[in-house]
Amino acid sequence: QNHGYRTLSLSGHVGFGSLPEQLVKKSIKQGFCFNILCIGETGIGKSALINSLFNTNFDDPVSTHFLPRVQLRAQTYELQESNVLLKLTVVDTVGFGDQINREHSYQPIVDYVDAQFEAYLQEELKINRSLFSYHDTRIHVCIYFISPTGHSLKTLDLLTMKSLDSKVNIIPIIGKADGISKTELQNFKNKIMSELVSNGVQIYQFPADDETFSEINTIMNGYLPFAVVGSTKEVKIGNKMVRARQYPWGIVQVENENHCDFVKLRKMLICTNMEDLREQTHARHYELYRRCRLEEMGFTDTGPESKPVSLQEAYEAKRHELYLELQRKEEKMRQQFVQRVKEKETILKEAEQQIQTKFEHHMLMHQEVKQKLEKKKKVLENEIALFIEKKANAELLRSQASVSTPVVTLKRDKDGK
Amino acid sequence: SCAGPVESKTEAAMSELVPESRQKPVVPMKPMGINANLLGYIGIDTIIEQMRKKTMKTGFDFNIMVVGQSGLGKSTLVNTLFKSQVSRKSSGWNREEKIPKTVEIKAIGHVIEEGGVKMKLTVIDTPGFGDQINNENCWEPIEKYINEQYEKFLKEEVNIARKKRIPDTRVHCCLYFISPTGHSLRPLDLEFMKHLSKVVNIIPVIAKADTMTLEEKTEFKQRVRKELEVNGIEFYPQKEFDEDLEDKTENDKIRQESMPFAVVGSDKEYQVNGKRVLGRKTPWGIIEVENLTHCEFALLRDFVIRTHLQDLKEVTHNIHYETYRAKRLNDNGGLPPMAVETEENHESNL
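Residues numbered from 1 in each chain as written. Chains lettered and ligands numbered in written order. Predicted model: local features only at pLDDT ≥ 70, side-chain atom pairs only at ≥ 80, totals over all residues. Heavy atoms only, no water.

*Asks:* Sorry if this is basic, but what is going on with the overall build of chain B here?
*Replies:* Secondary structure summary: chain B contains 10 helices and 10 strands in total. Split into buried and exposed, the 350 residues of chain B put 48% on the buried side. Put simply, 68% of the contacts in chain B that link residues at least 6 apart link residues at least 24 apart. With an accessible surface of roughly 18200 Å², chain B has 53% of that area assigned to carbon and sulfur atoms. (Helix = DSSP H or I, 4+ residues; strand = E, 2+ residues; numbered from the N terminus. Buried < 20%, exposed > 50% of the residue type's maximum accessible area, 1.4 Å probe, protein only. Contact = heavy atoms within 4.5 Å. Areas by Shrake-Rupley, 256 points an atom, 1.4 Å probe, with all protein chains shown as cover.)

Take a look at the structure:
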């Protein structure tokens, strides 16, 4: 690692021994992120376990068995202990294993894990990026709940774990372990572990390379999968309130190491290996995702003749490709636009036609009515003319009659006397 | 598809009748930032210990560059800072060697250890800077070297199969040595710092401060600070990168009172008042390097090593490197535009 660097000895106190302290101080200021994915069937005790692990009552709505498909529900909490601020995100798989046909149960989970990697990768590839203030949502650990059947792993369990083991650190646990007796439990654990091995499922191994923790980590590896019991209720034992489950035949205490492995899980998950889980996620799982994704996108480190492809060329090639894509899309949009314009034109033309027809129709009507009226007018005019004639005649007759009438009256008087 | 709250039974039944579209990857919900009250000790704070152990195992890299005219005591100062012969002067440097005709960049690395912490320290010397008759553009080789280190890191970072720990040769800190003339900064000083303060953390120091009295020192420092401000030179710690009020208060004091540090370096020890101290022996007394009443070396050492070392690295990584990277990715690298592209360009213009 030293690449030929000479080691020098210091002749006095320099002070860079405080470097880890400086680093820690900065990390505390930034705060820590930890993301847990809980996979397990509805009712297996995921919420109870999380509540017990973090000794608090997160408000989780109760799920039903009747969801049509698996949904992932993520909730983020801010926890603080002394001066450490932890942004804890718990992702629950709601509806896992409930459907009649469970073929697609694990796909949404895999998609979710990939989506978090993708989001980080996108940020990393940005030109103007801010990785140090990025809220890391990548899943650091997956707690897989195995049903306490006492027999073996279900096919769904194997399939799901196999699809996730190269993407996330898996810690298998047996949920609701208070239903198994001690003897049955050890057999069950052995069966599970051998099935995992024979199916090639890679679960998270507690690291045994650090001197301080190698011993305890190795021992703990032997206790996998942890048989846990979680509880949201507290029971009074002696003069303390402890998390426990009360049965007619006794009380199962969550934090009693004789009763279940809960304390071991908490110790391993939080007190000993939280940082390692985060590092494995970033240095191993994320790098693998990134590598696959970049290769998928067409980037390579070495070109067709195994010559190293320079960053320049890779970006240029990619940019050209995207440019062509952009052109294609533009052309498509242009054609669509032209099409739409044509369609609109046709519609408008039709409308215009219709209006024209109506107009002509109305003109016709108008003509007809006008003609009718003209006719009527003529008729009336004729009548008027006739009437005037009649009137004139009548006048004439009256005037003639009034002239001849007095002669007749005289004659009558002479005679009549 | 959504990651929203649970549907009710009837809704679920109804949605089963609706034909299912292909599952899209679920988008994570925005963090709701629910504050949960812990009802008992869990052990979250052990992550500090876990982190500390991890960093001690991996060790640290630190790269420091010294710039200034020859004879200002650069090598001696760096040796004094790291209490060992880390600088070029001791790695076979001959005092009779000719001053180079151009600025050379010489990087030498050593591994030092203290308190269980391993540090790979690289000292980058710049012999020839400011020593020519015509010093125009003598900062260019230095700027080029700094950018080359950013380029190296960038190349490694964009590889598909990349190393777990990318070797960091980037310059984290550049000590610029100001001649103790007592008057003002020289044009060369201003030019250098103007150009380089944008790409690297510059810490100006007044060299060979044992030639100034206390009053002369204070006045000179004030004048230098003023000149730097007037010329818009942002030396480390830069105001714009203060993260919070605590940082700002602490850094303000350093920026406005302590800097530039007036230092004296020495790798010889003398007996003073029964103690062995690093110092310079003169007819009129022994100048104790680590005595705050004699010079500000201890302030510089504490500042660079004991409190701000990690910050120097972080500013280099999060800001200077990111700036370089963004610029690099935005440029088309000076390649001529492709002929094919321009043709298509014309066609697509409606």
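*Asks:* Help me out: how do you make sense of the side chain of Glu156 of chain B in this one?
*Replies:* All names here are of chain B. Of note, Glu156 is situated in helix H4 (residues 140-158). The class for Glu156 is buried, based on a relative accessible area of 15%. Every residue in contact with Glu156, bar those within four places of it in the chain, is listed here: Arg162, Lys163, Ile166 and Pro167.

*Asks:* Looking at this structure, how should I read the packing of aromatic side chains?
*Replies:* Applying the stated criterion to the full structure yields 16 aromatic pairs over all chains. Both rings, one in Phe117 of chain A and one in Tyr286 of chain A, keep their centres 6.1 Å apart while their planes meet at 45 degrees; by these two values the pair is tilted. Of this pair, Phe117 of chain A sits in helix H3 (residues 107-125) while Tyr286 of chain A sits in helix H8 (residues 274-296), and the two are 169 residues apart along the sequence. Judged by centre distance (6.0 Å) and plane angle (85 degrees), the ring pair of Phe129 of chain B and Tyr176 of chain B falls under edge-to-face. Of this pair, Phe129 of chain B sits in the loop between strand S4 (117-125) and H4 while Tyr176 of chain B sits in strand S5 (residues 173-178), and the two are 47 residues apart along the sequence. Considered together, Phe129 of chain B and Tyr176 of chain B belong to a single accessibility category, that of buried residues. A connected cluster of aromatic rings, assembled from ring pairs, spans Phe117, Tyr120, Tyr134, Tyr286 and Tyr289 of chain A. Positioned over the ring face of Tyr286 of chain A is Arg138 of chain A, at 4.9 Å from the centre of the ring. In this structure, Lys264 of chain A packs its charged tip against the face of Tyr223 of chain A, placed 4.3 Å from the ring centre. (Phe/Tyr/Trp six-rings, centres within 6.5 Å; stacked < 30°, edge-to-face > 60°. Lys NZ or Arg CZ within 6 Å of the ring centre and 35° of its normal.)

*Asks:* It is not clear to me how helix H6 (residues 214-230) of chain B should be interpreted in this structure. Could you clarify?
*Replies:* In an α-helix, one turn spans 3.6 residues, which is why side chains three or four residues apart end up on the same side. Residue and element names in this part refer to chain B. The end-to-end C-alpha distance of H6, which contains 17 residues, comes to 24 Å, matching closely the 24 Å that a straight helix rising 1.5 Å per residue would cover. When we look at burial in H6, the residues that qualify are Lys217, Phe220, Lys221, Val224, Arg225 and Leu228. When H6 is viewed along its axis, its buried side chains cluster within an angular range of 135 degrees and face the same direction. Looking at H6, the residues exposed on the side facing more than 90 degrees away from the buried face are Glu215, Lys226, Glu229 and Val230. Buried residues along H6 sit in contact with S5, helix H5 (187-196), strand S6 (202-206), helix H7 (245-258) and strand S7 (261-262). Just downstream of H6, Gly232 is the residue with a positive phi angle, here 65 degrees. (Expected span 1.5 Å × (residues − 1). Arc of directions from axis to C-beta.)

*Asks:* Any chance you could explain the pairing of strand S9 (residues 240-247) of chain A here in plain terms?
*Replies:* If a strand is regular, its side chains alternate between the two faces of the sheet. All names here are of chain A. Examined bridge by bridge, strand S8 (residues 234-237) and S9 share 4 bridges and lie antiparallel to one another. Bridge pairing links Val235 to Val242 in S9. Hairpin connection of S8 to S9: 2 residues between the antiparallel strands, including Gly238 at a positive phi of 65 degrees. With 4 bridges connecting them, S9 and strand S10 (residues 250-253) associate as antiparallel partners. Its bridge partner lying in S10, Arg245 is registered against Val252. Between S9 and S10, which pair antiparallel and follow one another directly, the connecting turn spans 2 residues. (Pairing = 2+ DSSP bridges.)

*Asks:* Hey, could you run me through the sheet that holds strand S8 (residues 269-272) of chain B in this one?
*Replies:* All names here are of chain B. Read from one edge to the other, the open sheet built from 3 strands follows the order S8-S9-S10, with strand pairing classed as antiparallel. One side of each edge strand has no neighbouring strand; the edge strands of this open sheet are S8 and strand S10 (285-288). Neighbour to neighbour, the strand axes of the sheet diverge by 65 degrees on average, direction disregarded. Pairing analysis gives 4 bridges linking strand S9 (residues 275-282) to S10, with the strands arranged antiparallel. Paired with Lys281 across the two strands is Ile286, which belongs to S10. (Axes fitted to C-alpha atoms, helices over the stretch in contact; angles between N-to-C directions.)

Structural measurements only, silent on function.
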